[in-house]
Amino acid sequence: MLRSPHIRGGRLDMAVKGIGGIFFRAGDPDGVAAWYRTHLGIGPGCSADPAATPDRWSWTTLGGPMVFAPFAADTEYFPADQPWMLNLRVNALDTMIATLEAAGIAVETRPEWDQSGAGRFARIHDPVGTPIELWEPPA
């Protein structure tokens, strides 16, 4: 088992509690923000939790697994010209794929990406070319 130096006697002392934000540059930030809101339902004022009252600055997400994984500089898992890839946890991947394709967004799937222990995956790109992996964890 991996142990964090911040876990002592079963207590989390100074451990990070989650991602607080994702910030990136875009030539048209309002347009890119609108694309994420329209096609993925994420961004300020959005909520994945119907019981939440979202505010104008944040996106309210649901708890669940989140992977933090630096990759080797020569990885082929995402394009070499991109320093990072966004991975978004979703439910009903097939429905999301159909919705994205109906909106004219190219969706890539590969059987070798899907693993019974890890879940199912699809890839899209935002308007500025950022690779986005859609991940449906196993049930």
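Residues numbered from 1 in each chain as written. Predicted model: local features only at pLDDT ≥ 70, side-chain atom pairs only at ≥ 80, totals over all residues. Heavy atoms only, no water.

Let's shift gears to the pattern of salt bridges. It is possible for side chains bearing opposite charge to pair when their charged atoms get close. One pass over the structure, following the stated rule, counts 4 salt bridges. D94 serves as the salt-bridge partner of R120, at 2.7 Å between the closest nitrogen and oxygen. With R120 in strand 4 (residues 120-125) and D94 in helix 2 (residues 93-102), this pair connects stretches of sequence that are 26 residues apart. The exposure class assigned to R120 is partly exposed, which follows from its relative accessible area of 29%. (Salt bridge = Lys/Arg side-chain N within 4 Å of Asp/Glu carboxyl O. Helix = DSSP H or I, 4+ residues; strand = E, 2+ residues; numbered from the N terminus. Buried < 20%, exposed > 50% of the residue type's maximum accessible area, 1.4 Å probe, protein only.)

Of all 6 residues in strand 5 (residues 131-136), 6 are buried, a share of seventy percent or more. Summarising the sheet, strand 3 (residues 86-89) and strand 5 pair through 4 bridges and their orientation is parallel. Bridge pairing in strand 5 places N87 opposite E133. Where strand 4 meets strand 5, 6 bridges bridge the pair, whose relative direction is antiparallel. Each residue of the ladder has a partner; that of R123, found in strand 5, is E133. Hairpin connection between strand 4 and strand 5: a loop of 5 residues separates the two successive antiparallel strands, and G129 in this loop has a positive phi of roughly 95°. (Pairing = 2+ DSSP bridges.)

Next up on the list: the side chain of E136. With respect to the helices and strands, the residue E136 is situated in strand 5. Only 3.1 Å separates the side chain of E136 from the backbone nitrogen of A92, close enough to count as a polar contact. (Polar contact = N/O pair within 3.5 Å; in protein donor to acceptor, adjacent residues only side chain to side chain.)

Moving on, we come to the sheet that holds strand 3. Strand order in this open sheet of 3 strands is 3-5-4, and the pairing throughout is mixed. This sheet does not close on itself; its edge strands, each paired only once, are strand 3 and strand 4. When the angles between neighbouring strand axes are averaged without regard to direction, this sheet yields 25°. Sheet contacts for helix 1 (residues 29-40): strand 3, strand 4 and strand 5; angle to strand 5, the most-contacted strand, approximately 25°. Against the sheet, helix 2 contacts strand 4 and strand 5, and its axis sits at roughly 20° relative to strand 4. (Axes fitted to C-alpha atoms, helices over the stretch in contact; angles between N-to-C directions. Contact = heavy atoms within 4.5 Å.)

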